[in-house]
Amino acid sequence: MKKLIAILAGGISGERKISLITAKACAIALKQKGYKIKVVDVRGYFLEEIKKIKPAIIFNALHGRYGEDGFTQSILEYIRIPYTHSGVLSSSLAMDKELSRLIFKKKGIKVPKYFILNQERNLKLKKNMKEKNISFPIVIKPINEGSSLGVFICKNNKEFLKNYKKLYDYKKIIVEEFIPGKEIQAAVMGNMPLGAIELQPKRKFYDYKAKYKKNSGTKHLMPARLSKIKYNEVLSLAKKAHQYLGCKGITRSDFKFYNNKFYLLELNTQPGMTSLSLVPEIAEYKGIKFPDLVEWMIKDASCKR
Ligand SMILES: Nc1ncnc2c1ncn2[C@@H]1O[C@H](COP(=O)(O)OP(=O)(O)OP(=O)(O)O)[C@@H](O)[C@H]1O
Ligand SMILES: [Mg+2]
């Protein structure tokens, strides 16, 4: 008989809605594969519920803060139930766009020019931009969000001040140069790069609506329109990024491709698994059907990740 799997769903981050959709899709896939499934709607501390269910494996379908950033992973290490995706440290590092970038840069992966504004709100925007040789348009975003929540492109100082106010509750903001060009995302499965997809949003950029609204008009081009050399290059960069952070399971790295160069925006340790999501689409192209992909994640689950 196949194992009992608990799926952690929802959570308390801004990406709760997306996590519920990810969890539902994965639950259907695992049921198809013959597993027994219990979906746990996480609205805070979930340990008591897990103790009652006594699952053999935990599929972590949470996205964003508290689910994807090491908090949940440390609870799962503590209770010693094998779980999917990356471990505590890798998850924390990847969720923090400031710390993960320090590692990427140190290891020679190109990232956009950027600086951090902390909560003291000692703005000095112009001075910082000059020092870093960054000019408008700029992109501002929280260091630890996902699904493009809180990402703003600002053409001038007035736009910056308007959008910056909306991010007031975040401790740290990242300010970076705007990189035009292609939007390329690459998936890694274990230690194997799976493929790279190109997104062509109809909207100003690949924002929340362009990601999740069915009629947003975003085109998915699989495989990405790159020369063979560049395609292999982005796969190799995604694999390196995955390894440098010590990731496990599946990850997805988001790049911009401009002037023949790849700029790594970030690495996601718990990429979306909805019907519009990119990792399942990349896997499908490689001949891996969605239920097989999710089952691979279950088989890959462990503790001490
Ligand atoms: N420096 C940049 N230059 C151009 N576009 C950018 C830049 N930074 C972010 N963007 C746009 O915003 C989108 C979201 O950015 P990013 O991946 O950093 O945020 P996120 O919220 O962590 O996303 P995810 O949903 O992948 O977790 C990018 O896919 C891109 O379209
Ligand atoms: Mg992204």
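Residues numbered from 1 in each chain as written. Chains lettered and ligands numbered in written order. Predicted model: local features only at pLDDT ≥ 70, side-chain atom pairs only at ≥ 80, totals over all residues. Heavy atoms only, no water.

Provide a residue-level description of the packing of aromatic side chains, including the pertinent values.
One pass over the full model with this rule turns up five aromatic pairs. Relative to tyrosine 164, the ring of phenylalanine 160 has its centre 5.0 Å away and its plane inclined at 25 degrees; by these criteria the two rings are stacked. Here the residue phenylalanine 160 and the residue tyrosine 164 both occupy positions in helix 7 (residues 157–166), the gap between them amounting to four residues, near one helical turn. Take phenylalanine 160 and tyrosine 164: they sit in the same class, and that class is buried. Judged by centre distance (6.0 Å) and plane angle (75 degrees), the ring pair of phenylalanine 255 and phenylalanine 262 falls under edge-to-face. Owing to a relative accessible area of 1%, phenylalanine 255 belongs among the buried residues under this scheme. Accessibility expressed as a relative area gives 4% for phenylalanine 262, which makes it buried. Three or more aromatic residues link up through ring pairs in this structure, and these residues are Phe255, Phe257 and Phe262. (Phe/Tyr/Trp six-rings, centres within 6.5 Å; stacked < 30°, edge-to-face > 60°. Helix = DSSP H or I, 4+ residues; strand = E, 2+ residues; numbered from the N terminus. Buried < 20%, exposed > 50% of the residue type's maximum accessible area, 1.4 Å probe, protein only.)

Please give an account of the side chain of threonine 251 that cites residues and values.
In this fold, threonine 251 is placed in strand 11 (residues 250–258). A distance of 2.7 Å separates polar atoms of two side chains, one belonging to threonine 251 and the other to histidine 242. Excluding its chain neighbours within four sequence positions, the residues that come into contact with threonine 251 are Ser86, Ala186, Ala187, Val188, His242, Leu267, Asn268, Thr269 and Pro271. (Polar contact = N/O pair within 3.5 Å; in protein donor to acceptor, adjacent residues only side chain to side chain. Contact = heavy atoms within 4.5 Å.)

Now, about the site of ligand 1: what can you tell me, with residues and values included?
Taken together, 21 residues form the shell around ligand 1, and within it Lys97, Ser148, Glu176, Glu183 and Glu266 come nearest. With respect to ligand 1, the side chain of lysine 97 contributes an N or O atom lying 2.7 Å from an oxygen atom. The backbone of serine 148 places a nitrogen or oxygen atom 2.6 Å from an oxygen atom of ligand 1. Burial of ligand 1 by the protein chains amounts to 97% of its free accessible area of 630 Å². Those elements giving two or more residues to the shell around ligand 1 turn out to be strand 5 (138–142), strand 7 (173–177), strand 11 and strand 12 (261–268). A total of three residues in the shell around ligand 1 trace back to one element, the largest contributor, which is strand 12. When grouped by side-chain class, the residues that make up the shell around ligand 1 number seven nonpolar, four polar and 10 charged. Two domains share the shell around ligand 1, each providing at least three of its residues, namely domain 2 (93–109 + 180–299) and domain 3 (114–175). (Near = heavy atom within 4 Å. Areas by Shrake-Rupley, 256 points an atom, 1.4 Å probe, with all protein chains shown as cover. Nonpolar A, V, L, I, M, F, W, Y, C, P; charged D, E, K, R; others polar. Domains from an automatic or database assignment.)

So, helix 9 (residues 228–244): which residues are in play, and what are the values?
Its 17 residues place the ends of helix 9 24 Å apart at the C-alpha level, agreeing with the 24 Å of an ideal helix rising 1.5 Å per residue. Every buried residue of helix 9 is accounted for by Lys230, Tyr231, Val234, Leu235, Leu237, Ala238, Ala241 and His242. Along the axis of helix 9, the buried residues cluster in a sector spanning 155 degrees; they form a single face. Turned more than 90 degrees away from the buried face of helix 9 sit Lys228 and Ile229, all of them exposed. Close packing links the buried residues of helix 9 with helix 5 (97–106), strand 8 (182–189), strand 9 (192–200), strand 11 and strand 12. (Expected span 1.5 Å × (residues − 1). Arc of directions from axis to C-beta.)

Run through unusual backbone geometry, naming residues and quoting values.
Here the residue pair phenylalanine 136 and proline 137 is connected by a cis peptide bond, since its omega of 0 degrees sits within 30 degrees of zero. Structurally, the position occupied by proline 137 is in the loop between helix 6 (125–132) and strand 5. For the bond running from methionine 222 to proline 223, omega is 0 degrees, close enough to zero to count as cis. Phi at asparagine 260 takes a positive value of approximately 70 degrees, unusual for a residue other than glycine. With respect to the element layout, asparagine 260 can be found in the loop between strand 11 and strand 12. Positioned with a positive phi, lysine 304 is a non-glycine residue whose angle comes to about 50 degrees. Tracing the backbone through its elements, the reader meets lysine 304 in the segment after helix 11 (290–300). Given the relative accessible area of 69%, lysine 304 is considered exposed.

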